[in-house]
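Listed below, chain by chain, are the residues.
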Amino acid sequence: MEEIAEEAGLSRAGLYLHFRSRAALIDAICETLDESPELQALHELVGSGDPRESLHRIIEVNTRFWASDEPMFQQLYGSAAIDTAARDFVTRQTDDRSTGVAILTERLAAAGHLRSGLRVSDANALILLVTSFSTYLELRRTAGLSAEEVVSMLQEVAEQNILKPEP
């Protein structure tokens, strides 16, 4: 809380006037994130348009979401094991992403876009992999890729491992 107060140009007491606890601050952050344009766009992409194009756009928008405040997401995901408010956000976000991915995977299968021999459950797992914060963070931090390079790499992974080659 002291670091946050300092970054915001407030005293610690001033920060506590606005947010009674660390949990209240995390709740406010999570509410703000839930209203982000990227999350709204992801919700729209899951159920509309060509599912093949939707997958590519979802990878792009999802990466932009993670990149929008990477250090904050690192803190939220890192503290989820010990902080109930952070854990609640991570669980909500993961459940929401899983639901959206399942809808998209079914649309891809129904449109005949899945790679031959790929089970729907395996396609679902691969899409979860290419849209996870952990994958994003590994590619950014460990591999040293820019956000744009992450998008390109994950879209290529999707093309090679999930989607049927285009004729």
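For the structure, see preceding data.
Engineer: Tell me what's going on with the layout of surface pockets, and back it up with residues and numbers.
Structural biologist: What the largest pocket holds in volume is close to 560 Å³. Along its surface, the largest pocket is lined by 18 residues, and Glu3, Ile4, Leu25, Ile29 and Gln75 are the ones closest to its centre. At the level of elements, α1 (2-8), α3 (22-34) and α6 (70-79) are the ones that each hand at least two residues to the lining of the largest pocket. Per-element tally for the lining of the largest pocket: the top contributor is α1, with 6 residues. Its residues assigned to classes, the lining of the largest pocket shows 10 nonpolar, 2 polar and 6 charged. Every element with two or more residues in the lining of the second largest pocket is listed here: α4 (37-47), α5 (51-68) and α7 (84-110). In terms of residue class, the lining of the second largest pocket is built from 7 nonpolar, 6 polar and 2 charged.

Engineer: Give me a negative patch on the surface: which residues, what numbers.
Structural biologist: Side chains of Asp27, Glu31, Glu35 and Asp88 sit close together on the surface and give a patch of like negative charge. With respect to the helices and strands, Glu31 occurs in helix α3. By relative accessible area, which is 53% here, Glu31 ends up exposed.

Engineer: Can you break down the nonpolar core residue by residue, with the values?
Structural biologist: In this structure, Leu33, Leu55, Phe73, Leu76, Phe89, Leu108 and Ile162 are the most contacted members of the largest nonpolar core, which totals 38 residues. Elements with a minimum of two residues in this core: α3, α4, α5, α6, α7, α8 (120-130), α9 (133-142) and α10 (147-161). In terms of residue count, the dominant contributor to this core is α7 (7 residues). Those residues in contact with Leu33, other than ones at most four positions away along the chain, are Leu39, Phe65, Met72, Phe73, Leu76 and Phe89.

Engineer: So, the pattern of salt bridges: which residues are in play, and what are the values?
Structural biologist: Taken as a whole and assessed by the stated rule, the structure comprises 7 salt bridges. Glu70 is paired through a salt bridge with Arg140; the nearest N and O atoms lie 3.1 Å apart. With a gap of 70 residues between them, Glu70 in helix α6 and Arg140 in helix α9 connect regions that are remote in the sequence. Taking the relative accessible area as the measure of exposure, Glu70 reaches 6% and is therefore buried. A relative accessible area of 28% places Arg140 in the partly exposed class. Ionic pairing is found between Glu70 and Arg141, a salt bridge with its closest N-O pair at 2.6 Å.

What counts, and where the lines are drawn
Residues numbered from 1 in each chain as written. Predicted model: local features only at pLDDT ≥ 70, side-chain atom pairs only at ≥ 80, totals over all residues. Heavy atoms only, no water. 1 Å grid on protein atoms, 1.4 Å probe; cavity = no way out; pocket = protein on both sides within 12 Å on 5 of 7 lines; lining within 4 Å. Points joined across faces, edges and corners; volume = space filled by probe spheres on them. Helix = DSSP H or I, 4+ residues; strand = E, 2+ residues; numbered from the N terminus. Nonpolar A, V, L, I, M, F, W, Y, C, P; charged D, E, K, R; others polar. Patch = residues over 30% accessible without salt bridge, like charges linked within 9 Å, V, L, I, M, F, W, Y side chains within 5 Å. Areas by Shrake-Rupley, 256 points an atom, 1.4 Å probe, with all protein chains shown as cover. Salt bridge = Lys/Arg side-chain N within 4 Å of Asp/Glu carboxyl O. Lys, Arg positive; Asp, Glu negative; His and termini not counted. Charge placed at Lys NZ, Arg CZ, Asp CG, Glu CD. Buried < 20%, exposed > 50% of the residue type's maximum accessible area, 1.4 Å probe, protein only. Core = buried A, V, L, I, M, F, W, Y, C linked by side-chain atoms within 4.5 Å. Contact = heavy atoms within 4.5 Å.

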